[in-house]
Amino acid sequence: MRASLIQIAVNEDESVNSRRERVGSLVRDQAGSADLVVLPELWTTGAFAYELFAAEAEPLEGPTFEAMAKAARDAGVWLHAGSIPERDPDGPLYNTALVFSPEGELAAAYRKIHRFGFDKGEAVLMSAGQELVTVRLPETVAGVTTCYDLRFPELYRGLVDRGAETLIVSAGWPERRRSHWTLLAQARAVENQAYVLACGSAGTHAGVPQAGHSVVIDPWGEVLAEAGAGEEVLRVEFDPAKVGVTREQFPALKDRLLGLDAPRR
């Protein structure tokens, strides 16, 4: 399976509409060289541009949806279109990831469960999703996650229980915690014996430099490809069958003990 992770740079001088057009062109450029394309989190606004969330929030089937559906169809690829600030018809905002089929149909939508910021930013401005989401691709089942989710291994265990073999992480991860980015991505791959495709962003979001360094990791924790700090397209070919082989050769997942009581103190 061929994947392209497009590590988009968010430039505050570039309008959201211009960025949509540019990203659509980058997706179309992957035609013939990728089966799956992955974009970063909140690339329309920048993941740390909190003041833009409400102003740029759009309905699920808004302008970004339309532009990315067309791009997926034009390129003939599965497209994880990163995430958008979604405004629900009832009012709440969500950080929502969109996945499109090569026909441009919506295959999955995931509202981010773990919101970053503690008592400010996304954690205050956006509501939490409630549902784990997987999508069946032709050669693998993908689990859909977003940025801060990466720090919560129980979420990924839940995706594996739903059949996930490839774990997609769309992120706007800050440069000052880049070492955590690679470490956690490798941990999620090893403990779940799954591929991890982690696509970050470049540039500076509201004064916060981004880590970049998108990465693809195999079920043994080996890094297959890693980007640099700037905008680039990270291309990689991987064999989804390796997940089954790994889980058979080293069946650690079968030794999970569920329902254990918490230790007494």
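Just so it is clear, the model here is predicted, and its values are computed rather than measured.

(A) Representation of the nonpolar core within the structure. By size, the foremost hydrophobic cluster in this structure holds 46 residues, and its most contacted members are Leu5, Leu36, Val135, Trp173, Trp181, Val196 and Leu197. Broken down by element, this core gets its largest block of residues, five residues, from strand E10 (residues 195-199). Apart from residues no more than four positions distant in its own chain, tryptophan 181 is found in contact with Leu150, Val169, Ala171, Trp173, Ala198, Cys199, Gly200, Gly212, His213, Ser214 and Val215. Core analysis: the second largest hydrophobic core is formed by 21 residues, Ala34, Ala69, Val77 and Leu98 among them.

(B) Expanded view of the packing of helix H5 (residues 153-161) against helix H6 (residues 178-192). For the pair H5 and H6, interaxial distance at closest approach is 11 Å and the crossing angle is 40 degrees. Judged by the angle between their axes, H5 and H6 are oblique. The handedness of the crossing between H5 and H6 is right-handed. Here H5 contributes Pro153, Tyr156, Arg157 and Val160 to the contact with H6, which in turn contributes Arg188, Glu191 and Asn192. Here the residues of the contact of H5 with H6 sort into three nonpolar, one polar and three charged.

(C) Local environment of the pairing of strand E4 (residues 78-87). In terms of burial, E4 is a largely internal element, nine of the ten residues being buried. Two strands pair when backbone bridges link them, and strand E3 (residues 36-38) and E4 are joined in this way by three bridges, in the parallel orientation. The residue bridging valine 37 from the neighbouring strand is leucine 79, located in E4. Relative to strand E5 (residues 93-100), E4 runs antiparallel, the two being bridged by seven bridges. Across the sheet, the residue bridging to proline 85 is asparagine 95, located in E5. In sequence, E4 turns back onto E5 through a hairpin of five residues, with glycine 91 there showing a positive phi of about 120 degrees.

Cut-offs applied
Residues numbered from 1 in each chain as written. Predicted model: local features only at pLDDT ≥ 70, side-chain atom pairs only at ≥ 80, totals over all residues. Heavy atoms only, no water. Core = buried A, V, L, I, M, F, W, Y, C linked by side-chain atoms within 4.5 Å. Buried < 20%, exposed > 50% of the residue type's maximum accessible area, 1.4 Å probe, protein only. Helix = DSSP H or I, 4+ residues; strand = E, 2+ residues; numbered from the N terminus. Contact = heavy atoms within 4.5 Å. Axes fitted to C-alpha atoms, helices over the stretch in contact; angles between N-to-C directions. Parallel < 35°, antiparallel > 145°, perpendicular 65-115°, else oblique. Left-handed = near helix turned anticlockwise from the far one by under 90°. Nonpolar A, V, L, I, M, F, W, Y, C, P; charged D, E, K, R; others polar. Pairing = 2+ DSSP bridges.

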